[in-house]
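Residue-level listing of the chains:
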Amino acid sequence: MHRLPAPLLVPLYLSIFLLSAFNVPAAGDEDNPFTPKAFLSRYWNKEVWNDLPKPTFLFSKASPLTAVQSAAFAKLAAQNTLSSRLPQFCSAANLLCFPDLAPSLAKHNKDSNFAVYSNRNFTTYGSKRAGGIDSFKNYSNDENIFVDSFRRYSHGALSHADRFSTYGIDTNVPDQGFNTYASKAIGGNGKFTTYEQSTNVPNLRFTSYSTDATGRSQVFKSYSENANAGDQSFANYGKRGNGGPNEFSAYGTNANVIGSGFSSYGSDGNGANDTFTNYGNEQNDPQNNFRSYGEGGNGAIESFSSYRDQANVGDDSFQSYSKNSNSAKVNFANYGKSANVGSDKFSGYGQNGNAQSVGFKIYGVNTTFKDYAKRGISFAQYSNVSSGGAKMSVNGSLAQRWVEPGKFFRESMLRKGTVMAMPDIKDKMPKRSFLPRSILSKLPFSSSKLGVMKKIFHAEDNSSMETMMMETLGECERAPSAGETKRCVGSVEDMIDFATSVLGRNVVVRTTENTKGSKGNIMIGAVKAVEGGKVTKSVSCHQSLFPYLLYYCHSVPKVRVYEAELLDPRSKANINHGVAICHLDTSAWSPSHGAFIALGSAPGRVEVCHWIFENDMTWTVAD
């Protein structure tokens, strides 16, 4: 073998390093046998024992890193210094990373009108402003990933007005925080209209909102409606406020699996006047948590109208509500009139209050009251049932709101000529790639290492990044269900290993070909039952939200898998090739599962089928 002279090796190595540093692949890298994609191809040939074509859709998710980049970042990961090159790493490896926002110290002493604005850090914005109005319109709308931070916003302002219109509409994975908003402000008002509507996995935080303010009013209209998953929190809202009315209208209406937290809300306030109208109505599996609400207040008026009306299951917790208050007037009208009841927990409710008046009208079922005041509280139309709960009738329109038409169907629907609704199977997750195993093996993945993981990916406390990490780790680390085998995988190689460990090495992986037909009607064309239609088991893999592409894979026993040509019902033209899986044993499923809402049945009584959505997949033994 001929070797280059040492003096020529230095400029060669230098040129390769410079090319990789600027994300420019070295010449011929697409044929380099040391790239992650080339390694994956060899790994597939070694581990999968059949001659079927390689799955293009799966291989397209492999790491796009070049051989040089892969080696360089693997070395940084081994040295625990990857965080120093995070922007370059995220860009080259196609990861989900949030921008590091630099603080803006501009004071903005004049009226401002912001339109089409996103990914900014406002610090000391509008502080000590006298009069005037600041307006934000079309702020961070239609963004895939955005981070906004408002710190010391309108702090100490006098008769100043803030307007936020169409804020964060139709966004994906927003991370938005307001800290010390309008604290110590006097007079003026704030108005949020169409705030974070139709967002996916929101993380919204209001910390120290209108604390120590005097005579300042706040209005939230159309707040987080139609949101999917995610969390929002209000802390120290109106705390120690004086005579400031707060109004929430259409809060979280029609949201899906959303979590809301209110803590120290209106606590120690004087003359508070807070109104919640249409709060959490028609939600699916909401998680609402109120802590220390109106505690220690004087002369407060608190009102909830139409709370959780027609909601589906979920959990609500009210702790220390109007406790130690003086002359408080609290009213719940139409509380918890849910279609399928969840759980409500009230503790420390109105305790030690003086001259208070608390009223409940049309109060829901399956509730628990502990440690509440025995005087000054009245109940009207209280529905008390046994601990077994109750189920109220659900009309068709509500079922459609909670469960999209066509998301679940019966096996008998998979017949040629059937016309049926097709749900939106489009992947709403941020686009990401797998990591090569050489890098993945050097990164921590454990709740016990969360601090290290946060440092690597620049995740701030209480940020969306921290939340997604914690939730994904929790799901990956939980004990498997009865009969389930599960594993979270961050590389294609790990997915291959898991699938073959369950099914053997003669495997095939399938997914629905494209998203055509979504949110409309489709006609079933030719249908093929995998493995001749016999009852089998499969390995299903679903995306999880994480910086790199991560899948939750688990074995699914007692299923039948089908492939079907999907046709346009009018032209009869072939528009898609669908893959559906039918779960034959649903006895262990929750009674509140969306499938039973949609199909009008219960666990163990019916089989449940669904399409494999875009970028999800199912593995089976090859025919």
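It should be emphasised that the depicted structure is a prediction, and the values quoted were computed from it without experimental measurement.

A. View of the overall build of the chain. Looking only at helices and strands, one finds eleven helices and 30 strands in the chain. Within the chain, the fraction of its 623 residues that count as buried is 52%. Relative to all contacts within the chain whose residues are 6 or more apart in sequence, the contacts with residues 24 or more apart total 75%. Carbon together with sulfur atoms contributes 52% to the accessible area of the chain, which is approximately 26800 Å² in total.

B. The side chain of Glu563, seen in detail. Within the element layout of this structure, Glu563 appears in strand β27 (residues 550-567). You can call Glu563 buried: its relative accessible area is 15%. The residues touching Glu563, leaving out its near neighbours within four places in the chain, are Arg510, Ala526, Val527, Lys528, Val530, His577, Gly578 and Val579.

C. Representation of the state of the cysteines. In this structure the tally under the stated criterion is four disulfides. Between the sulfur atoms of Cys476 and its disulfide mate Cys488 the distance is 2.0 Å. With the S-S dihedral at roughly -95 degrees, the linkage between Cys476 and Cys488 falls on the left-handed side. With a gap of twelve residues between them, Cys476 in helix α9 (residues 464-477) and Cys488 in strand β23 (residues 486-489) connect regions that are remote in the sequence. Looking at Cys488, the relative accessible area reads 17%, which means it is buried. Each disulfide pairs two cysteine sulfurs, and for Cys582 the partner residue is Cys609, the sulfurs being separated by 2.1 Å. What sets the handedness of the Cys582 and Cys609 disulfide is the S-S torsion sign, and at about 110 degrees it is right-handed. You can see Cys582 sitting in strand β28 (residues 574-583) and its partner Cys609 sitting in strand β29 (residues 608-611), a full 27 residues away along the chain. No difference in accessibility class separates Cys582 from Cys609, as the two residues are buried.

D. Expanded view of the pattern of salt bridges. Counted under the stated rule, the structure contains 20 salt bridges. A single salt-bridge network, built from bridges that share partners, covers Arg437, Arg487, Asp494 and Asp497.

E. Highlighting the pairing of β27. With respect to burial, β27 is a largely interior element, 14 of its 18 residues being buried. As paired strands, β23 and β27 are joined by four bridges and run antiparallel to one another. Looking at the pairing, Cys488 lines up with Tyr552 of β27. Bridge count between strand β25 (residues 520-529) and β27: five bridges; the pairing is antiparallel. Directly across from Val527, in β27, lies its bridge partner Ala564. Pairing of strand β26 (residues 536-544) with β27 involves eight bridges; the strand directions are antiparallel. The residue of β27 that forms the bridge with Thr536 is Val559. In sequence, β26 turns back onto β27 through a hairpin of five residues. Sheet analysis places β27 next to β28, joined by nine bridges and oriented antiparallel. Bridge assignment links Leu566 to a residue of β28, and that residue is Asn576. Taking the residues that link successive antiparallel strands as the turn, the β27-β28 hairpin has six residues, and the phi of Lys572 there is positive, at about 65 degrees.

F. Quick peek at the packing of helix α2 (residues 36-47) against helix α10 (residues 492-503). For the pair α2 and α10, the least separation of the axes is 10 Å and the interaxial angle reads 10 degrees. Here α10 runs roughly parallel to α2, going by the angle between their axes. The residues of α10 that touch α2, namely those facing Phe39, Leu40, Tyr43, Trp44 and Glu47, are Val492, Glu493, Ile496, Asp497 and Thr500. A per-class count over the contact of α2 with α10 returns six nonpolar, one polar and three charged.

G. How the structure looks around helix α4 (residues 67-78). Taking 1.5 Å per residue, twelve residues should reach 16 Å; α4 reaches 17 Å between its end C-alpha atoms and fits that length. Buried within α4 we find Ala67, Gln69, Ser70, Phe73, Ala74, Leu76 and Ala77. Just past α4, the residue Asn80 takes up positive phi, approximately 60 degrees.

H. How the structure looks around the environment of Leu584. With respect to the helices and strands, the residue Leu584 is situated in the loop between β28 and α11 (594-599). A relative accessible area of 27% places Leu584 in the partly exposed class. Along the backbone, Leu584 and Glu607 are 23 residues apart, and their C-alpha atoms lie at a distance of 4.6 Å.

I. Representation of the environment of Ser222 in the model. Looking at where Ser222 falls in the secondary structure, it is placed in strand β9 (residues 217-223). Through-space distance from the C-alpha of Ser222 to that of Thr193 is 6.1 Å; in sequence the pair is 29 residues apart. Among residues more than four places away in sequence, those in contact with Ser222 are Thr194, Tyr195, Gln197, Ser249 and Ala250.

J. Local environment of the confidence of the model for the chain. Model confidence for the chain is summarised by a mean pLDDT of 80, while 79% of its residues fall at 70 or above. This stretch, residues 1-28, has a pLDDT under 50; its non-local contacts, to residues over four places away or in other chains, come to twelve contacts. Taken as a whole, residues 384-393 scores under 50 in pLDDT and shows 14 contacts with residues more than four places along the chain or in a different chain.

K. Structural view of helix α5 (residues 86-93). For α5, every residue scored as buried is listed here: Leu86, Phe89, Cys90, Ala92 and Ala93. Phi for Asn94, located one or two positions after α5, is positive at around 60 degrees.

L. Geometry of unusual backbone geometry. The residue Asn80 is not glycine, and still its phi comes out positive at about 60 degrees. Take Asn80: it is sitting in the loop between α4 and α5.

M. Layout of the side chain of Thr500. As for its placement among the helices and strands, Thr500 is situated in helix α10. Residue class for Thr500 comes out buried when judged on its relative accessible area of 13%. Those residues within four positions of Thr500 in sequence are excluded, and the remaining contacts are Glu47, Arg505 and Val507.

N. How the structure looks around the packing of aromatic side chains. In total, this model carries nine aromatic pairs according to the counting rule given. Seen from their ring centres, Phe445 and Phe546 are 5.3 Å apart, and the 65 degrees between their planes marks the pair as edge-to-face. Of this pair, Phe445 sits in the loop between α7 (437-440) and α8 (450-456) while Phe546 sits in the loop between β26 and β27; the two residues are 101 residues apart in sequence, bridging distant segments of the chain. Ring pairing ties together the aromatic residues Trp44, Phe59 and Trp619, which thus form one cluster.

Reading the values: the criteria
Per chain, residues are indexed from 1 in the order of the written sequence. Totals for whole chains, interfaces and linings use every residue, but because this is a predicted model, local features are given only for residues with pLDDT of at least 70 and side-chain atom pairs only at 80 or more, for both listing and counting. Excluding hydrogens and water, the side-chain figures rest on all heavy atoms present in the structure. Helix and strand assignments come from DSSP, with helices taken as H or I runs of at least 4 residues and strands as E runs of at least 2, each series counted from the N terminus. Note on classification: 1.4 Å probe, protein chains only; a residue is buried when its accessible area is under 20% of the maximum for its type, exposed when over 50%, partly exposed between these limits. Contact definition: two residues touch when any of their heavy atoms are within 4.5 Å. Accessible surface area values rest on a Shrake-Rupley calculation with a 1.4 Å probe, where residue burial reflects the displayed protein chains alone. Any pair of cysteine sulfurs within 2.5 Å is marked as a disulfide. By definition here, a salt bridge exists when the distance from a side-chain nitrogen of Lys or Arg to a carboxyl oxygen of Asp or Glu is within 4 Å. Strands are treated as partners if at least two bridges between them are detected by DSSP. Only C-alpha atoms enter the line fits that serve as axes; for helices the fit covers just the stretch in contact. Angles between N-to-C directions range over 0 to 180 degrees. Convention used here: angles under 35 degrees read as roughly parallel, angles over 145 as roughly antiparallel, angles from 65 to 115 as roughly perpendicular, and any remaining angle as oblique. Nonpolar residues are Ala, Val, Leu, Ile, Met, Phe, Trp, Tyr, Cys and Pro. Charged residues are Asp, Glu, Lys and Arg, and all others, Gly as well, are polar. Each helix should span, by expectation, one fewer than its residue count multiplied by 1.5 Å. A residue's pLDDT is the confidence the predictor assigns to it, expressed on a 0 to 100 scale. Pairing of aromatic side chains requires ring centres within 6.5 Å, counting the rings of Phe and Tyr and the six-membered ring of Trp. Pairs whose planes differ by under 30 degrees are stacked, by over 60 edge-to-face, and all others tilted.

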